[in-house]
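# Summary of structural features
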Amino acid sequence: MGRGKIIKNKDVLNPNFPAWFVRDLIVPRRKEIKFLRENFFDTKHPQNVYIFGAPGTGKTTIVCLLIDEYVRSPAENKKIIYINCKEATTKNRLLEKIAFQLATGEYYKLFKERYLRSKNWVGFIQHFVEETGCTLLLVVDEIEKTFFSSKEKRKDIALYTIISLGEYLPKGKIRSITITNRAGLWEMCEDETRSRLTGTHLTFDVYTLDDIYKILLKRVKHSLTEKAFRSEREMEDVLLKIAKCSQENYVASAREAINILGRAALIAEEKKSPITAEIVEKASKFIRIEGMARDIKSMGSDAVTLLETMVELQRGKAKNLTYWTGGISFSELMKRYQERALNPKTERAVRFIIEKMIQSGILSQHITYRGRMRIYVYRLNEEEIVAKALKMLK
């Protein structure tokens, strides 16, 4: 039986929707907001701030909410720049993007004549702040991208440079919020960097299932019609199921939950059905496959070839294969990969790709022994999901 449209605002079902535009969508984080106001937005005691939190814990949303408030306030002359390090994975690229965003109007000519050819990005940024008398606020998201793409010996060089930009200017004239979801990144920083962020290192606690439920309830209110669920009780059950499905490694992610809700709503509307637990299962599985495909694609074509090889080996389709307890040995995997790849990488390069897969949770590594010889073996954690993700990429 047809139920008509159940989606009234598709944009709100997108996890990238700027929630600070509709403030009712935001679940308050009072402790974190208080910390940021006192340490970053308070012009009496301005500081650089380093933020860590698992994916989907509201880091960027809360920062953007406070920046929106700050922009609207009749505060000092200010310039705000947001950069995601997906688009700037090295120190020089990051500084270049900041400089180009400042080089507008009358300052472009100066930039072109004195700074562009020499690529003196730091010099131009500092000159701009001194000349205009403005306060420059930098929000640098996913700073971990600069740690793992940098060819510099010092992995934290981009972070150190950003927090040091205003060192020779009046305090607070250039200040930054750097954001990461990478556990262990703080420990990778040099003492020199950590000492400059002592006392301004903020951790966003993970959301509870109850928090995720409240976030979903707000999204439902602004995006779906009353026809989306059969009853209030069923809506509660479905939203709780989405919250549980959003748990990855026992950490509930708001981004993942909103993604599942959006996909479930699209499936339900296509079927002319209310959103049910079965539809949520289907949506959750699709989101996992889509996310896996995205991760694999980001690792390059050799990762695709390696995983196709792993799927074949793990399903037992390869002949003359020696299986070890816990998975496939590196030597066996390397041999089959070289047979399949058009331009195979070196062992060292393949080990690097495998390490990235382990970090992403695609593969697990185990150690087995033949006599005294230690042998590393690998196994796909979710063979069916990986196989469907590879199919999606074709």
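Residues numbered from 1 in each chain as written. Predicted model: local features only at pLDDT ≥ 70, side-chain atom pairs only at ≥ 80, totals over all residues. Heavy atoms only, no water.

### With respect to the overall build of the protein chain
Test applied: The helix and strand labels rest on DSSP assignments: H or I over at least four residues marks a helix, E over at least two residues marks a strand, and numbering proceeds from the N terminus. Burial status follows relative accessibility: with a 1.4 Å probe on protein chains alone, a residue under 20% of its type maximum counts as buried, one over 50% as exposed, and anything between as partly exposed. In what follows, residue pairs with any heavy atoms lying within 4.5 Å of each other are defined as contacts. For every accessible area listed, the method is Shrake-Rupley and the probe measures 1.4 Å; residues are considered covered only by the protein chains on display. His is not counted here, nor are the chain ends, while Lys and Arg score as positive and Asp and Glu score as negative. Positions of charges follow a simple convention, taking NZ of Lys, CZ of Arg, CG of Asp or CD of Glu.
If you tally the helices and strands in the protein chain, you get 17 helices and 10 strands. Seen along its three principal axes, the alpha-carbon backbone of the protein chain occupies a region of about 70 × 60 × 40 Å. Residue burial in the protein chain is summarised as follows: out of 394 residues, 48% are buried. Across the protein chain, every contact between residues at least 6 apart in sequence was considered, and the portion connecting residues at least 24 apart equals 71%. For the protein chain, the exposed surface amounts to about 21100 Å²; the carbon and sulfur share of it is 48%. Across the protein chain, the centroid of the 70 positively charged side chains sits 3 Å from that of the 50 negatively charged ones.

### As for the packing of aromatic side chains
The criterion, for reference: In this analysis, rings of Phe, Tyr and Trp, with Trp reduced to its six-membered ring, are considered paired at centre separations within 6.5 Å, and the interplanar angle assigns stacked below 30 degrees, edge-to-face beyond 60, and tilted for intermediate values. We call a charge positioned over a ring when the NZ of a Lys or the CZ of an Arg lies within 6 Å of the ring centre and within 35 degrees of the ring normal.
Applying the stated rule across the entire model yields 11 aromatic pairs. Joined through ring pairs, the aromatic side chains of F100, Y107, Y108, F111, Y115, W121, F124 and F128 make up one cluster. The positively charged end of R154 is found above the aromatic ring belonging to Y160, 4.4 Å away from the centroid.

### Quick word on the pattern of salt bridges
Defined as follows: We define a salt bridge as a contact between a side-chain nitrogen of Lys or Arg and a carboxyl oxygen of Asp or Glu at a distance within 4 Å.
A complete count under the given rule lists 24 salt bridges for this structure. Between R233 and D237 there is a salt bridge, and its shortest N-O distance comes to 3.7 Å. Placement of the pair is R233 and D237 together in helix α11 (residues 232-245), with a separation of 4 residues, close to one helical turn. The class of D237 is partly exposed, set by a relative accessible area of 42%.

### Considerations on unusual backbone geometry
Despite not being glycine, E142 shows a phi value in the positive range, around 55°. Tracing the chain through its elements places E142 in the loop between β3 (135-141) and α6 (144-149).

### A closer look at the pairing of strand β4 (residues 174-180)
Applied cut-off: Strand pairing is assigned whenever DSSP identifies at least 2 bridges connecting the two strands.
Burial within β4 is extensive, with 7 of its 7 residues counted as buried. What you see with β4 is no split at all: I174, S176, T178 and T180 on one side and R175, I177 and I179 on the other are buried throughout. As judged from the 4 bridges shared by strand β1 (residues 49-53) and β4, these two strands associate in the parallel manner. Bridging from a neighbouring strand, F52 pairs with T180 of β4. Relative to β4, β3 runs parallel, the two sharing 5 bridges. Paired with L138 across the two strands is S176, which belongs to β4.

### Considering the state of the cysteines
Filter applied, for reference: Only a pair of cysteine sulfur atoms within 2.5 Å counts as a disulfide in this structure description.
Inspection of every chain in the model, using the stated rule, returns 0 disulfides. C134 takes part in no disulfide bond, and the closest cysteine sulfur, belonging to C64, lies 19 Å away. By relative accessible area, which is 3% here, C134 ends up buried.

### So, the packing of helix α14 (residues 301-314) against helix α15 (residues 330-340)
This is how the line gets drawn: Lines fitted to the C-alpha atoms define the axes, with helices restricted to the stretch that makes contact. Angles between their N-to-C directions range from 0 to 180 degrees. Working definition: roughly parallel below 35 degrees, roughly antiparallel above 145 degrees, roughly perpendicular at 65 to 115 degrees, and oblique for all remaining angles. Here is the rule for handedness: rotate from the far helix to the near one, and if that takes an anticlockwise turn smaller than a right angle the crossing is left-handed, while a clockwise turn gives right-handed. Residue type decides the class: Asp, Glu, Lys and Arg count as charged, Ala, Val, Leu, Ile, Met, Phe, Trp, Tyr, Cys and Pro as nonpolar, and the leftover types, Gly among them, as polar.
Closest axis-to-axis distance for the α14/α15 pair is 9 Å, and the angle between their directions is 120°. The orientation of α14 relative to α15 falls into the category oblique. In this structure, α14 meets α15 at a crossing whose hand is right-handed. Along the contact surface, α14 presents D302, T305, L306, E308, T309, M310, E312 and L313, while α15 presents L333, R336, Y337 and R340. Among the residues making up the contact of α14 with α15, the classes are represented as 5 nonpolar, 2 polar and 5 charged.

### What about helix α17 (residues 383-393)?
Looking only at α17, the buried set comprises I385, V386, A387, A389 and L390. On its buried face, α17 sits against α13 (277-299), α14 and β10 (373-380).

### Let's talk about the sheet that holds strand β8 (residues 328-329)
Reading across from one edge, β8-β10-β9 is the order of the 3 strands in this open sheet, with antiparallel pairing throughout. At either end of the open sheet lies a strand with only one pairing partner, and these are β8 and β9 (363-370). Each of β9 and β10 is contacted by helix α16 (residues 347-359), which is oriented at about 120° to β9, the strand it contacts most.

### With respect to the sheet that holds β3
Reading across the sheet, the 5 strands line up as β2-β3-β4-β1-β5 and stay open at both edges, with parallel pairing between neighbours. The two strands at the open ends of the sheet, each matched to only one other strand, are β2 (78-84) and β5 (201-204). Direction aside, neighbouring strands of the sheet carry axes that sit 15° apart on average.

### A look at the environment of M292
Relative to the elements of secondary structure, M292 occurs in helix α13. The exposure class assigned to M292 is buried, which follows from its relative accessible area of 9%. For the pair M292 and G361, spaced 69 residues apart in sequence, the C-alpha to C-alpha distance is 9.7 Å. Ignoring any residue separated from it by four or fewer positions in sequence, one finds M292 in contact with I362, E382, I385, V386 and A389.

Geometry only, nothing functional implied.
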